[in-house]
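Fold and geometry: a report
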Amino acid sequence: MRFVRKAAIPAAALLLTGLAATPANAVDKVNSKKLRDAVTVNGILGHERVLQRIANQNGGTRASGTAGHVASATYVKDTLRAAGYRVSEQEFTFPFFRDLAPATLTAGSASYPTDTFTYSGSGTVTGTLVPTTDVQVPPPATPASPPAARPPTSRRPATPPRSP
């Protein structure tokens, strides 16, 4: 019995080592060498530069719904067609938001700078102005001076308060 146990351990180790050392084979036999050779760093950077130029020429954006997006899609379609692909587009709807005019905040005859919250509705909002004493509109032009430094009250390290 002892001999069988001693022989079983090396046999199991040899079997596991042999299984672990088996080289992995690709699940499919697709040869991607042509694709890997065709995609280069310089090619990628060239396309990125064109797309960035399109954004620069369109207010810094290529977001959907903008002229930058249309120009980008045209570039991609033309590039794919030149490479021999058949290109089609699928239209779909999605939520989109963009400021069509600057936001304004007016109280009486005074106007104040403001921003639009993302996905705000359009239109005019009116309401009663409620005065408050703890907010300044507009805020002070210069920051308040820092609080005066207090002299230390003790040179001993602080000790935590004792619980009752």
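Below is a short write-up of the structure. (Residues numbered from 1 in each chain as written. Predicted model: local features only at pLDDT ≥ 70, side-chain atom pairs only at ≥ 80, totals over all residues. Heavy atoms only, no water.)

Our focus in this paragraph is the overall build of the chain. Per the secondary structure count, the chain includes four helices and two strands. When the elements of the chain are put in sequence order from the N terminus, they spell out α-α-α-α-β-β. Across the 164 residues of the chain, 5% fall into the buried class. A separation threshold of at least 6 residues defines the contact pool for the chain, and within that pool the share at least 24 residues apart is 26%. Here the chain displays about 15,900 Å² of accessible surface, and carbon together with sulfur accounts for 60% of that area. (Helix = DSSP H or I, 4+ residues; strand = E, 2+ residues; numbered from the N terminus. Buried < 20%, exposed > 50% of the residue type's maximum accessible area, 1.4 Å probe, protein only. Contact = heavy atoms within 4.5 Å. Areas by Shrake-Rupley, 256 points an atom, 1.4 Å probe, with all protein chains shown as cover.)

Before going further, it helps to examine helix 3 (residues 41-56). For helix 3, spanning 16 residues, the distance from its first C-alpha to its last is 22 Å, which sits close to the expected 22 Å at 1.5 Å a residue. Looking only at helix 3, the buried set comprises V50, L51, I54 and A55. All buried residues of helix 3 lie within an arc of 145° about the axis, which places them on one face of the element. Across from the buried face of helix 3, at angles greater than 90 degrees, the exposed residues are V41, N42, R49 and N56. Residues of helix 3 that are buried make contact with helix 4 (67-82). (Expected span 1.5 Å × (residues − 1). Arc of directions from axis to C-beta.)

Before going further, it helps to spend a moment on helix 4. When the terminal C-alpha atoms of helix 4 are compared, their 22 Å separation across 16 residues agrees well with the 22 Å that a helix rising 1.5 Å per residue should span. Looking only at helix 4, the buried set comprises G68, S72 and K77. One side of helix 4 carries all its buried residues, which in axial view fall inside an arc of 165°. Summarising the geometry of helix 4, the exposed residues directed more than 90 degrees from the buried face are A67, V70 and A82. Against the buried residues of helix 4 lie helix 3. The positive-phi residue at the C-terminal boundary of helix 4 is G84, with phi of around 100°.

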